[in-house]
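Spelled out, the chains give:
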Amino acid sequence: MTKPTPTRHSPQFRLPRRSFLAGTCSMAAMAFAPAGRVWADTAATAPDIGARDPNTLVVLVDATVENLDPATNIEWAYGLRPIYETLTILDGSDTLSVKPALAEAWEANEDNTSWTFTLVDGVTFHDGTPFNAEAVKKAVTRMVLHPAGLAGTWQLDDPETQIVVVDDRTVRFDLGEPRPFFDRQVSSQYGFWMASPTAAEANSKGDDDMGSEFLQSNPVGTGPYKLESLNPGQDATFVANPDYRGGWEHPHFNRVITKTMPVSATRRQLLETGEADMTLAMEPEDMVALRDDPRFNMIDAPTFTVQYVAFATDGKLADPKARQAISHAFDHDAYIEQVALGTADKPTSVFPTQMQGLDGKDRLLPFDLDRARALLEEAGIAEGTELTMAYYAGFGDIEGQLLQAWLSEIGIDLKLQELSFSAYLDVFFGEGEAEERPDLFYFSWWPNVDHPYSFAWGLFSGDAATYDGNAGRYANDEATALIDELRNQVMTDDMAVKFQRLADILTTEDPAWLPILQERAQFVSRNDIKGIENNPIYVSTLDMYNLSRGN
């Protein structure tokens, strides 16, 4: 099971609905590049930073990460990455190979049921305690046993016996089943960061806490930066860890300040005036403007993140034909071109398009309001039926308005319910009777690793609960069986056929979602910021250790 986090840092499309529906919004005079392209003119001079410290990086985001405990963080890994490390890390932009991080070497037994990791020597946590095999066992055990933790990421039934301390620098995981790409799984950004077990134990308030309340605002990892200050809703400051194992001989920043600026136009203005160095989230019109400004770099590359509308299948939309009707009532081509302005990709199914094993087939149901009306009639959905779609503030608003307008043309009255982020999470992951919950949920998701099981189990398995990500309580026996067959399997041709069949079911035949867009990682920075690297699995996080300010 994988439970990736909700995202609050993707492009927010706030073009007025009337402009789009009236056809008065212009097409972008641009064509966004293939994966990984960078627009820049290094000869242009970046804005003057004035009296700012050149050794401090200022990054703008649209929301603050307030939970910095890797065992319970379901918000966003941005604030975790500078502080914590994993045993392995994905190699550059490659999603299928890893390189050493806290482990310098690893090997599996013949049937991949047991993996042994040799740890880097001499590493310490920020509290001065040693990072060793015993610390790994305690840190992972805490993640697995914490009642609000990301236990499913490790797929361990009994960490006390399945994690074996061989010696001070050697730890073995006896997995109980073949896990041929376990070395990639432990590189993931959700559930696999190593936090100081000493800090957790010393500040634990009991079995329901296990030190989480303390670590949420006092994180203790082994990473290149320490948290200096955290002002919820405003800013977070990270300062270089002088004892970091990698050293500081290379060009780097001594301090990184992350400022929360919800309004895209404000973030753009701060970049243009030299008050900030980088932003992680921009609206399409701001992205287009800065793309053409030679003082800035734009990194444009696809990610594995899909924004979507999840259908509640235990209420009015129980009949697949009703969900097919709604799927026919969204014009993806017009939306991507005229609202997203080409800053996002059209999805081809509920799965990320570039996921291994997926073919190039477009499985989206085409925009066809006549077909949608007919399907509603076949499903017994009466004209004037009221549905509710929930979303959180600033994320899903324009998409909801567009869907609302199109559904009104086929006799559906869609009510939009905007919630705060925390309130939305309570609804999305929460329990409750069908009549008490929304009919539609706007959200986004990405996998921990490039594998369909990592993406699918928590979202679509009939064995998954709402707290796993299955907000719509979707259950299809064939889909569940296919997901189970894909568990921890190498993506052979036979497995790819099963994966593609699963995509057909979930997208077309018995829709679990209406996929809206696939995000692109569009980082915008001053053209003197060097070392930015994008991996499509590591969504909207930064390798701050390798960033620097050039000439």
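Scope of this entry: the structure provided in the associated data block.

Conventions we followed
- Residues numbered from 1 in each chain as written.
- Predicted model: local features only at pLDDT ≥ 70, side-chain atom pairs only at ≥ 80, totals over all residues.
- Heavy atoms only, no water.
- Pairing = 2+ DSSP bridges.
- Helix = DSSP H or I, 4+ residues; strand = E, 2+ residues; numbered from the N terminus.
- Axes fitted to C-alpha atoms, helices over the stretch in contact; angles between N-to-C directions.
- Parallel < 35°, antiparallel > 145°, perpendicular 65-115°, else oblique.
- Left-handed = near helix turned anticlockwise from the far one by under 90°.
- Contact = heavy atoms within 4.5 Å.
- Nonpolar A, V, L, I, M, F, W, Y, C, P; charged D, E, K, R; others polar.
- Core = buried A, V, L, I, M, F, W, Y, C linked by side-chain atoms within 4.5 Å.
- Buried < 20%, exposed > 50% of the residue type's maximum accessible area, 1.4 Å probe, protein only.
- Salt bridge = Lys/Arg side-chain N within 4 Å of Asp/Glu carboxyl O.

## As for the pairing of strand β8 (residues 170–174)
And then number 1: Bridge count between strand β6 (residues 114–119) and β8: five bridges; the pairing is antiparallel. Residue pairing for β8: Thr116 is matched across the bridge by Arg172.
And then number 2: Sheet topology note: the strand β7 (residues 163–167)/β8 ladder contains four bridges and is antiparallel. What sits directly across from Val165, in β8, is Val171.
And then number 3: Connecting β7 to the antiparallel partner β8 that follows it, the hairpin turn spans two residues.

## Some remarks on the packing of helix α7 (residues 264–272) against helix α8 (residues 284–291)
In a pair of packed helices, the angle between the axes and the distance between the axes together describe the arrangement.
And then number 1: The N-to-C vectors of α7 and α8 enclose an angle of 20°; their axes lie 9 Å apart at closest approach. When the interaxial angle is binned, α7 and α8 end up roughly parallel. Classified by chirality, the crossing of α8 by α7 is right-handed. Where α7 abuts α8, its residues Ser264, Ala265, Arg268, Leu271 and Glu272 lie against Glu285, Asp286, Ala289 and Leu290.
And then number 2: Here the residues of the contact of α7 with α8 sort into four nonpolar, one polar and four charged.

## So, the nonpolar core
And then number 1: In terms of nonpolar packing, the biggest core is built from 150 residues, with Leu87, Trp154, Phe173, Phe351, Phe460 and Trp513 touching the most fellow members.
And then number 2: Setting aside anything within four residues of it in sequence, one finds Trp513 in contact with Val306, Tyr308, Val309, Ala310, Phe311, Ser327, Val350, Trp445, Phe455, Leu459, Phe460 and Leu506.
And then number 3: Leu60, Met287, Leu290 and Val524 belong to the second-largest nonpolar core, a separate cluster that totals eleven residues.

## Quick notes on the packing of helix α14 (residues 452–460) against helix α15 (residues 477–486)
And then number 1: Closest axis-to-axis distance for the α14/α15 pair is 9 Å, and the angle between their directions is 145°. In the crossing of α14 with α15, the sense of the turn from one axis to the other is left-handed. Residues Pro452, Tyr453, Ala456, Trp457 and Phe460 of α14 form the contact with α15, whose participating residues are Thr480, Ile483, Asp484 and Leu486.
And then number 2: When its residues are assigned to classes, the contact of α14 with α15 shows seven nonpolar, one polar and one charged.

## Overview of the environment of Met298
And then number 1: With respect to the helices and strands, Met298 occurs in strand β13 (residues 296–311).
And then number 2: We classify Met298 as buried; its relative accessible area is 1%.

## With respect to the pattern of salt bridges
And then number 1: Evaluation of the coordinates by the stated rule reveals 33 salt bridges.
And then number 2: As a salt-bridge pair, Arg169 and Glu104 come within 2.7 Å of each other at their nearest N and O atoms. On the criterion of sequence distance, the pair formed by Arg169 in the loop between β7 and β8 and Glu104 in strand β5 (residues 103–108) is long-range, its members being 65 residues apart.
And then number 3: Its relative accessible area of 27% is what places Arg169 among the partly exposed residues.
And then number 4: In this structure, the salt-bridge partner of Glu431 is Arg473, at a minimum N-O distance of 3.7 Å. Taken together, the residues span a long stretch of sequence, with Glu431 in the loop between α13 (421–428) and β16 (440–445) and Arg473 in the loop between α14 and α15 at a distance of 42 residues.
And then number 5: Since its relative accessible area comes to 23%, Arg473 is described here as partly exposed.

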